[in-house]
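These are the residues of each chain, in order.
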Amino acid sequence: MFNHEPPGYVCPFCRLVAGEDDPAGVNLQDDIVRGNELATAFVAPTWWPNNHGHVLVVADAHHENLYDLPSPYGHAVHDLVREVAVAIRRTYGCDGITVRQHNEPSGWQTAWHYHVHVFPRYPGDDLYALPSMPGFVPAAARLPYADKLRSYFSSL
């Protein structure tokens, strides 16, 4: 219900979860930092000026938005969001975490697959006042953040 996915939509998150790298280098297997039986977390290719390395947590099955999301996937995503929030807080040197999720175009949803953003926060970072940076962040810039998080998770 309340779906906006265009006909023929090729879901970048489904491709990533299926083990495929995006041909343009937007979402890569190297970006993945953790997963559970129903959800996957990866360093996002779109950043905000003062909140680099934010993470997306996606349901492994294709569900467009919160309205369509079955409860088991919602629980799995939430559990992984919490794990990622703790990992970011412990490894990035940030002062807090913001979690946000968007539904439909008027709710700022731009990718038609349920996902949650986990942002590192810093005093005066203006996350809500600034637009995202233009284009996609190169894979080489994302890798240090993914490595930090994977290292943290492997030490548990």
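These notes cover the structure that comes with them. Given the structure is predicted, the values throughout are model-derived calculations rather than measurements.

**A few points about the environment of asparagine 36**
At step 1: Its place among the elements puts asparagine 36 in the loop between strand S1 (32-35) and strand S2 (39-43).
At step 2: Relative accessible area serves as the criterion here: at 24%, asparagine 36 is assigned to the partly exposed category.
At step 3: Note: C-alpha distance between asparagine 36 and alanine 59 (23 residues apart in sequence) is 9.8 Å.
At step 4: Setting aside residues no more than four positions away along its own chain, asparagine 36 makes contact with Asp60, Ala76 and Leu80.
At step 5: A polar contact of 2.8 Å, which involves the side chain of asparagine 36, links it to the backbone nitrogen of alanine 39.
At step 6: Among the polar contacts listed, one links the side chain of asparagine 36 to the backbone oxygen of alanine 76, at a separation of 3.0 Å.

**Re the layout of surface pockets**
At step 1: Of the voids in this model, the largest pocket is the one considered here, and its volume is about 550 Å³.
At step 2: Contributing to the lining of the largest pocket are 26 residues, with Thr46, Trp48, Thr110, His115 and His117 lying nearest its centre.
At step 3: Of all the secondary-structure elements, those providing two or more residues to the lining of the largest pocket are helix H1 (12-17) and strand S5 (115-121).
At step 4: Its residues placed into classes, the lining of the largest pocket shows 15 nonpolar, nine polar and two charged.

What counts, and where the lines are drawn
- Residues numbered from 1 in each chain as written.
- Predicted model: local features only at pLDDT ≥ 70, side-chain atom pairs only at ≥ 80, totals over all residues.
- Heavy atoms only, no water.
- Helix = DSSP H or I, 4+ residues; strand = E, 2+ residues; numbered from the N terminus.
- Buried < 20%, exposed > 50% of the residue type's maximum accessible area, 1.4 Å probe, protein only.
- Contact = heavy atoms within 4.5 Å.
- Polar contact = N/O pair within 3.5 Å; in protein donor to acceptor, adjacent residues only side chain to side chain.
- 1 Å grid on protein atoms, 1.4 Å probe; cavity = no way out; pocket = protein on both sides within 12 Å on 5 of 7 lines; lining within 4 Å.
- Points joined across faces, edges and corners; volume = space filled by probe spheres on them.
- Nonpolar A, V, L, I, M, F, W, Y, C, P; charged D, E, K, R; others polar.

Distances and angles like these do not, on their own, reveal function.
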